[in-house]
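Each chain is listed here by its residues.
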Amino acid sequence: MANTIIRAPQRQRFLVIDQRTVEDTGLSWAARGMLAYLLSRPDTWKVRVTDLQRRGNLGRDATYKLINELRSAGYIEFQQGRDTQGRIRGGDYIVRELPNPP
C-alpha cells in the first residue's frame with residue numbers, strides 16, 4: 001500500500017511537526033488542529049471524512065470546510081481513483097507536513 005501521509009524524516013512514538021506548519025497564519029486554528037491530527041496518524045492511514053466528523057465532533061459541511069482550507073493551502077490534495085474501465089471511483093486524500101507548492 002502506498003503512503004498517503006508525506007512527512008519529514010521518520011520519527012516513532014511521538015509527534016514532531018515542522019514549526020512552519022504550526023505557525024502558518026494562512027490557516028485557521030481549526031485547520032491547524034485537523035492537520036496536526038492527520039499528521040499524527042500512521043503513514044498508510046486513510047483519510048475518511050466520516051471518521052473526521054465523528055472524532056472532531058463536526059458536521060459534514062464544517063469538516064469539508066476545513067479539508068478545503070487545507071487543500072487551498074497545499075497541505076492536502078485529492079487523488080481521484082478510477083476503476084479498470086477508467087470510470088471515476090472514489091479517491092485518496094494525500095496529506096503533507098509542508099504545503100505542496102502551487
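Note: the structure precedes this text.
Notes on the structure in this doc start here.

So, on to helix H4 (residues 60-73). If you check H4, its first and last C-alpha atoms are 20 Å apart, about what 14 residues at 1.5 Å a residue would give, namely 20 Å. What H4 keeps buried is the set Thr63, Leu66, Ile67 and Leu70. Projected down its long axis, H4 carries its buried residues within an arc of 95°, all on one side. Turned more than 90 degrees away from the buried face of H4, the exposed residues are Asp61, Lys65 and Ser72. Looking at the packing, one finds that the buried side of H4 touches helix H2 (29-39), helix H3 (49-56), strand S2 (76-82) and strand S3 (88-96). Positive backbone phi, approximately 90°, marks Gly74, located one or two places after H4.

Now for the environment of Ile88. By secondary structure assignment, the location of Ile88 is in strand S3. Residues in contact with Ile88, not counting those within four places in the same chain, are Gln80, Gly81 and Arg82.

Our next topic: the sheet that holds strand S1 (residues 5-6). The strand order across the open sheet built from 3 strands is S1-S3-S2, with neighbouring strands paired in mixed fashion. The open sheet has two edge strands with one neighbour each: S1 and S2. The strands touched by H4 within the sheet are S2 and S3, with S2 carrying the most contacts at an inclination of about 105°.

Turning to the pattern of salt bridges, a few remarks are in order. Inspection of the entire model under this criterion finds 8 salt bridges. Taking the shortest distance from any N to any O, the salt bridge between Asp83 and Arg89 comes out at 3.5 Å. Relative accessible area serves as the criterion here: at 49%, Arg89 is assigned to the partly exposed category. If you follow the salt bridges from partner to partner, you end up with Asp51, Arg54 and Arg55 in one network.

This part covers the packing of H2 against H3. Direction vectors running N to C along H2 and H3 enclose 115°, while the axes themselves pass 12 Å from each other. Helix-helix and strand crossings are classified by hand; for H2 and H3 the assignment is right-handed. Contacts between H2 and H3 involve Met34, Tyr37 and Leu38 from the first element and Asp51, Leu52 and Arg55 from the second. Tallied by class, residues from the contact of H2 with H3 come to 4 nonpolar, no polar and 2 charged.

In this section: the pairing of S2. In terms of strand pairing, S2 meets S3 through 6 bridges, oriented antiparallel. Looking across to S3, one finds that Arg82 is bridged to Ile88. In this structure, the hairpin formed by S2 and S3 is closed by a connection of 5 residues, where Gly86 is found at a positive phi of approximately 85°.

What counts and how
Residues numbered from 1 in each chain as written. Predicted model: local features only at pLDDT ≥ 70, side-chain atom pairs only at ≥ 80, totals over all residues. Heavy atoms only, no water. Helix = DSSP H or I, 4+ residues; strand = E, 2+ residues; numbered from the N terminus. Expected span 1.5 Å × (residues − 1). Buried < 20%, exposed > 50% of the residue type's maximum accessible area, 1.4 Å probe, protein only. Arc of directions from axis to C-beta. Contact = heavy atoms within 4.5 Å. Pairing = 2+ DSSP bridges. Axes fitted to C-alpha atoms, helices over the stretch in contact; angles between N-to-C directions. Salt bridge = Lys/Arg side-chain N within 4 Å of Asp/Glu carboxyl O. Left-handed = near helix turned anticlockwise from the far one by under 90°. Nonpolar A, V, L, I, M, F, W, Y, C, P; charged D, E, K, R; others polar.

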